[in-house]
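# Per-entry structural report
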There are 2 protein chains.
Amino acid sequence: MAEHVIGIDLGGTETKIGIVQEDGKIIEKRMIPTKVFEGRIAVVTRIGDAIEELLHESGMNSSDVIGIGVGSPGSIDHETGTVLFSPNLPDWSGFGLAAMLEKITGIKTFIENDANSFILGEWAFGEFKGSQHMLGLTLGTGVGGGVITHGMLMTGSMGYGGELGHTIVEPGGPLCGCGSHGCLESLASATAIVNMAREFSKRFPESLIFASPEITAKVVFDSARAGDLAATIVVERATRALATAISNYIHVFNPEHIIIGGGISKAGDLLIDSIQKKMPEYVMPSFNGTFSITLSKLVENAGIKGAASIVFYRIS
Amino acid sequence: MAEHVIGIDLGGTETKIGIVQEDGKIIEKRMIPTKVFEGRIAVVTRIGDAIEELLHESGMNSSDVIGIGVGSPGSIDHETGTVLFSPNLPDWSGFGLAAMLEKITGIKTFIENDANSFILGEWAFGEFKGSQHMLGLTLGTGVGGGVITHGMLMTGSMGYGGELGHTIVEPGGPLCGCGSHGCLESLASATAIVNMAREFSKRFPESLIFASPEITAKVVFDSARAGDLAATIVVERATRALATAISNYIHVFNPEHIIIGGGISKAGDLLIDSIQKKMPEYVMPSFNGTFSITLSKLVENAGIKGAASIVFYRIS
């Protein structure tokens, strides 16, 4: 029988849990509300219950899985399995999440930051699986980063590393949630794209952006695709920030693959093409042909698969 | 008897060669002109002769050293010991430098880019030796970078990685030698500092900078130290670029130590203090207290020691 692990994509609103085979196939999954407001004990207990049900429905028991992997927002100490700090999980700072899940389930548990989990998912199950040099960017509410270099997840001395979203690409640019100005996150996250679009309400009141009942990153990209000027300016600014940042990462890490995921990656060709065409302006010619920039193809189950891959990475 | 290695600091103008003990003590050294114009065979032959003389003078022979390490400018493929590309060593592209030195001397030879060699020197012999997470910046004619992460020299998929000097910190900034605009190198190298100072000749003709027969980075720092306005503006711009770049590296690598070397590091306290005071503007509070920024203390023999450390790193 193939080896199985449980992958948990822990989110601020909902949590996805799945039983995943070593080939990446999900044999059973479910989504439960996280209900952070009920407190961390209630949250973890509910996750434990869901795991038990999933195993039961699959005719398995806890000894049939080799581990649990949790992809969690925030800063994670993967060595102790502790949530250090997470804006989306208030009051979880210092919480020994792995230890508690292990106690409830009897299954060895590993935790990583969700952006690290994303790139591990690509390493284990993605289009370029097994590549020793990969970078992942997750473009969502924020911008997350994960780096595999020389076959190793790069986390730095305290486990805080890989904060690719908080590298400055436009000094004096928009205020970032981190307190600095012009970080990649302040220009290329969904939040940033919506903010930049809103700023155009006076200059371009007729823009398609403002014809929509709610301004979202999707509305901005769809409007740009339809030829809207304000939306095009926003997309150009966001993708210029991405091209600048990605070229920096290329010079620093010399990766084989840069993989983009997260909600904004659904913008598809427009996103990738806008980045690609700006790269020659920034990348040194000696790096030509050394890298690819693509969208993640795991999309739907990227969270569960990424979380599951943590176990395969740590145990391999 | 302690283990000995030979360290070769190969420069475009001069080459320093030393016999180094595993504790970093240099027991014999010399400097020879590189004479690149005579061709690579002549250069390597001359280095071979110098090694033979050094060994003879020390009462040693080739079997008494465990390896030769060469710190070379340019892009190096350390696996094959080949110079891939080096602006300072024209016509060396594709040259199997390690193989030829091995053939001449009978001693196992390892090569690294000089900035990688710098950080390996710090790892082996520096103030923070043994740290698993260190970054090195060499501020000279250009800006070189070397990264040790998780105890490993980070070189990337093709060995091109670690180009910290070619990360963009000021989009639309000065043209860089690499063809891009606003790279760290275009703002913080000696060349950049001299260029920025020259641009002030009309605005500040009375500046101390222009009282000197030759404008050098040292003249600019000395003038700033004496309170000169134009020089202070240049130092502020260069150190702002450094602070921005270093904060980016901190977020990406979560290093314990950032170590600055190269000719400009002789500017000492003014350089470090100007960088330090700008860091809180850029670094996320969660990283407070996780890093140090210091000048290399190996200065005089950093080149030879760095080169020697390549052997200890590869053999250990």
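Note that the structure is predicted; figures quoted are calculated from it, not measured.

### Examining the sheet that holds strand 9 (residues 143-149) of chain B
Residues and elements named next belong to chain B. Ordered by their spatial adjacency, five strands build an open sheet running 10-9-8-11-12, and the pairing between neighbours is mixed. Each having just a single partner strand, strand 10 (152-153) and strand 12 (292-295) make up the two edges of the open sheet. Of the pairings in the sheet, the one linking strand 9 to strand 10 comprises two bridges and is antiparallel in character. Residue pairing across strands places Ile-148 opposite Leu-153, the latter belonging to strand 10. Its contacts with the sheet place helix 3 (residues 114-125) against strand 8 (134-139), strand 9, strand 10 and strand 11 (257-261), and it is angled at close to 45° to strand 9.

### Thoughts on the pairing of strand 4 (residues 65-72) of chain A
If a strand is regular, its side chains alternate between the two faces of the sheet. Residues and elements named next belong to chain A. Of all eight residues in strand 4, seven are buried; the element is thus mostly enclosed. Note: strand 1 (residues 4-10) against strand 4, five bridges, orientation parallel. Its bridge partner lying in strand 4, Gly-7 is registered against Gly-69. Relative to strand 7 (residues 109-113), strand 4 is paired through five bridges, and the arrangement is parallel. Counted as the bridge partner of Ile-68 is Thr-109 from strand 7.

### With respect to the domain arrangement of chain A
Residue and element names in this part refer to chain A. Assigned domains within chain A: domain 1 (4-122 + 301-315) and domain 2 (131-296). Using C-alpha coordinates to define each centre, domain 1 is positioned 27 Å away from domain 2. Opposite the 13 residues of domain 1 that make contact, domain 2 presents 16 residues. Among the elements of the structure, strand 5 (75-77), helix 3 (114-125) and helix 10 (302-315) are those that each provide at least two residues to the side of domain 1 that touches domain 2. Take the side of domain 1 that touches domain 2: its biggest share by element is seven residues, from helix 3. Looking at the side of domain 1 that touches domain 2, its residues break down into seven nonpolar, three polar and three charged.

### Notes on the sheet that holds strand 12 (residues 292-295) of chain A
Ordered in space as 10-9-8-11-12 (chain A), the five strands form an open sheet in which the pairing is mixed. A single partner strand is all that each edge strand has here, and the edge strands are strand 10 (152-153) and strand 12 of chain A.

### A short note on unusual backbone geometry
Notably, His-150 of chain A is not glycine yet its phi reads approximately 50°, a positive angle. With respect to the element layout, His-150 of chain A can be found in the loop between strand 9 (143-149) and strand 10. For His-150 of chain A, a count of 17 C-beta atoms within 10 Å puts it in the partly exposed group. For Asn-254 of chain B, which is not glycine, the phi torsion reads 45° and is therefore positive. Note that Asn-254 of chain B resides in the loop between helix 7 (229-253) and strand 11.

### A few points about the interface of chain A and chain B
Counting residues at the interface gives 36 residues for chain A, matched by 36 residues for chain B. For the side of chain A that touches chain B, the element with the highest residue contribution is helix 7 (residues 229-253) of chain A, accounting for five residues. Counted by class, the side of chain A that touches chain B contains 15 nonpolar, 18 polar and three charged residues.

### Re the relation of the copies chain A and chain B
When chain A is fitted to chain B, the best match, at an RMSD of 0.0 Å, comes from turning it 180° and sliding it 0.0 Å along the axis. The two molecules are tied by a two-fold rotation axis, judged by turn and shift. Comparing contact sets, 100% of the residues at the interface of chain A also lie at the interface in chain B, consistent with an isologous, same-surface contact.

### Describing the environment of Thr-45 of chain B
In this fold, Thr-45 of chain B is placed in helix 1 (residues 40-57). Measuring from C-alpha to C-alpha, the distance between Thr-45 of chain B and Thr-105 of chain B comes to 9.8 Å, with 60 residues separating the pair along the chain.

### A word on helix 7 of chain B
Residues and elements named next belong to chain B. Between its first and last C-alpha, helix 7 extends 35 Å over 25 residues, near the 36 Å set by a 1.5 Å rise per residue. Of all the 25 residues making up helix 7, 20 are buried; the element is thus mostly covered by neighbouring parts of the structure. Positive backbone phi, approximately 45°, marks Asn-254, located one or two places after helix 7.

### Points about the confidence of the model for chain A
The share of residues in chain A with pLDDT of 70 or more is 100%, and the mean pLDDT across the chain is 94. The ipTM for the predicted assembly is 0.93, set against a pTM of 0.94.

### Examining helix 2 (residues 97-105) of chain A
Residue and element names in this part refer to chain A. Regarding helix 2, the residues found buried are Leu-97, Ala-98 and Leu-101. Here the buried residues of helix 2 occupy an arc of 95° about the axis, which is enough to place them on one side. Those residues of helix 2 that are buried are in contact with helix 1 (40-57), strand 4, strand 6 (82-85) and strand 7.

Conventions and cut-offs
Residues numbered from 1 in each chain as written. Chains lettered and ligands numbered in written order. Predicted model: local features only at pLDDT ≥ 70, side-chain atom pairs only at ≥ 80, totals over all residues. Pairing = 2+ DSSP bridges. Helix = DSSP H or I, 4+ residues; strand = E, 2+ residues; numbered from the N terminus. Contact = placed C-beta atoms within 7 Å. Axes fitted to C-alpha atoms, helices over the stretch in contact; angles between N-to-C directions. Buried ≥ 20, exposed ≤ 12 C-beta atoms within 10 Å, placed from the backbone. Domains from an automatic or database assignment. Nonpolar A, V, L, I, M, F, W, Y, C, P; charged D, E, K, R; others polar. Least-squares fit on C-alpha atoms with pLDDT ≥ 70 in both. Expected span 1.5 Å × (residues − 1). pLDDT = per-residue confidence, 0-100. Arc of directions from axis to C-beta.

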